[in-house]
Amino acid sequence: MPEVQAVFFELLRAGLWDKTPQLEGVLSQTQWEEVYALSLEQSVIGMVYAGITKLPASQQPLMSLQAKLAAHIERIERINSHIAAVQQELIVLFESRGLSPMVLKGMAMNRYYA
């Protein structure tokens, strides 16, 4: 069976570089849950999910985990849309008052995350 951390990094690279991941063997449900947990812990679930979607059907996790991943990705997309809308409102407000804002990601935006 493949090592969970190696699979995690392979899926992450595949998602980042838009490549097909090269996995040796098939992961157990427990191993897939560990990959999912690592993805959440490292805040890279979107990139790992992108890698998972490039796997052949025979190597993909069970549908129950795929549904959980897809739901998590949907939640992230909704949050990002909200953040983008708030950001745009602030830019318009600042510009209407003669300021040229510079948007920074990170600590300046953390209050909009759950």
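Residues numbered from 1 in each chain as written. Predicted model: local features only at pLDDT ≥ 70, side-chain atom pairs only at ≥ 80, totals over all residues. Heavy atoms only, no water.

## Section: the overall build of the protein chain
- Helices and strands together make up the secondary structure of the protein chain, namely four helices and zero strands.
- Tracing the protein chain from N to C terminus, the helices and strands come up as α-α-α-α.
- Taking the principal axes of its C-alpha atoms as reference, the protein chain extends roughly 60 × 25 × 20 Å.
- Sequence-distant contacts in the protein chain: of pairs separated by 6 or more residues, those separated by 24 or more amount to 67%.
- As presented, the protein chain carries roughly 7,600 Å² of accessible surface, and 58% of it is formed by carbon and sulfur atoms.
- Counting 9 positive and 11 negative side-chain charges, the protein chain places the averaged centre of each group 8 Å from the other. (Helix = DSSP H or I, 4+ residues; strand = E, 2+ residues; numbered from the N terminus. Contact = heavy atoms within 4.5 Å. Areas by Shrake-Rupley, 256 points an atom, 1.4 Å probe, with all protein chains shown as cover. Lys, Arg positive; Asp, Glu negative; His and termini not counted. Charge placed at Lys NZ, Arg CZ, Asp CG, Glu CD.)

## Quick notes on the packing of aromatic side chains
- The final tally for this structure, using the stated rule, is one aromatic pair.
- On the numbers, 5.1 Å between centres and 65° between planes, the contact of Phe-8 with Phe-9 is edge-to-face. (Phe/Tyr/Trp six-rings, centres within 6.5 Å; stacked < 30°, edge-to-face > 60°.)

## Examining unusual backbone geometry
- One non-glycine residue with positive phi stands out, namely Asp-18, at about 55°.
- Here Asp-18 lies in the loop between α1 (4-17) and α2 (29-41).
- Looking at Asp-18, the relative accessible area reads 58%, which means it is exposed.
- Despite not being glycine, Ser-43 has its phi angle at roughly 55°, a positive value.
- Structurally, Ser-43 can be placed in the loop between α2 and α3 (45-53).
- For Ser-43, a relative accessible area of 66% gives the class exposed. (Buried < 20%, exposed > 50% of the residue type's maximum accessible area, 1.4 Å probe, protein only.)

## Here we look at the pattern of salt bridges
- Applying the stated criterion across every chain yields a total of four salt bridges.
- Note that Lys-54 and Asp-18 form a salt bridge whose closest N and O atoms lie 3.0 Å from each other. Here Lys-54, found in the loop between α3 and α4 (63-96), pairs with Asp-18, found in the loop between α1 and α2; they are 36 residues apart in sequence, far enough to count as distant. (Salt bridge = Lys/Arg side-chain N within 4 Å of Asp/Glu carboxyl O.)

## Brief notes about the nonpolar core
- One finds Leu-11, Trp-32, Val-35 and Val-48 to be the most contacted residues of the largest nonpolar core, which totals 18 residues.
- At the level of secondary structure, the elements contributing two or more residues to this core comprise α1, α2, α3 and α4.
- Broken down by element, the residue count for this core peaks at five residues, all from α1.
- Those residues in contact with Leu-11 that sit more than four places away from it in its chain are Pro-21, Trp-32, Val-35, Met-47, Val-48, Gly-51, Ile-52 and Leu-55. (Core = buried A, V, L, I, M, F, W, Y, C linked by side-chain atoms within 4.5 Å.)

## Describing the environment of Gln-5
- Relative to the helices and strands, Gln-5 is located in helix α1.
- For Gln-5 and Leu-38, which are 33 residues apart along the polypeptide, the C-alpha to C-alpha distance reads 8.3 Å.

## As for α3
- Listed in full, the buried residues belonging to α3 are Ile-45, Val-48, Ala-50, Gly-51 and Ile-52.
- At its buried positions, α3 is contacted by α1, α2 and α4.

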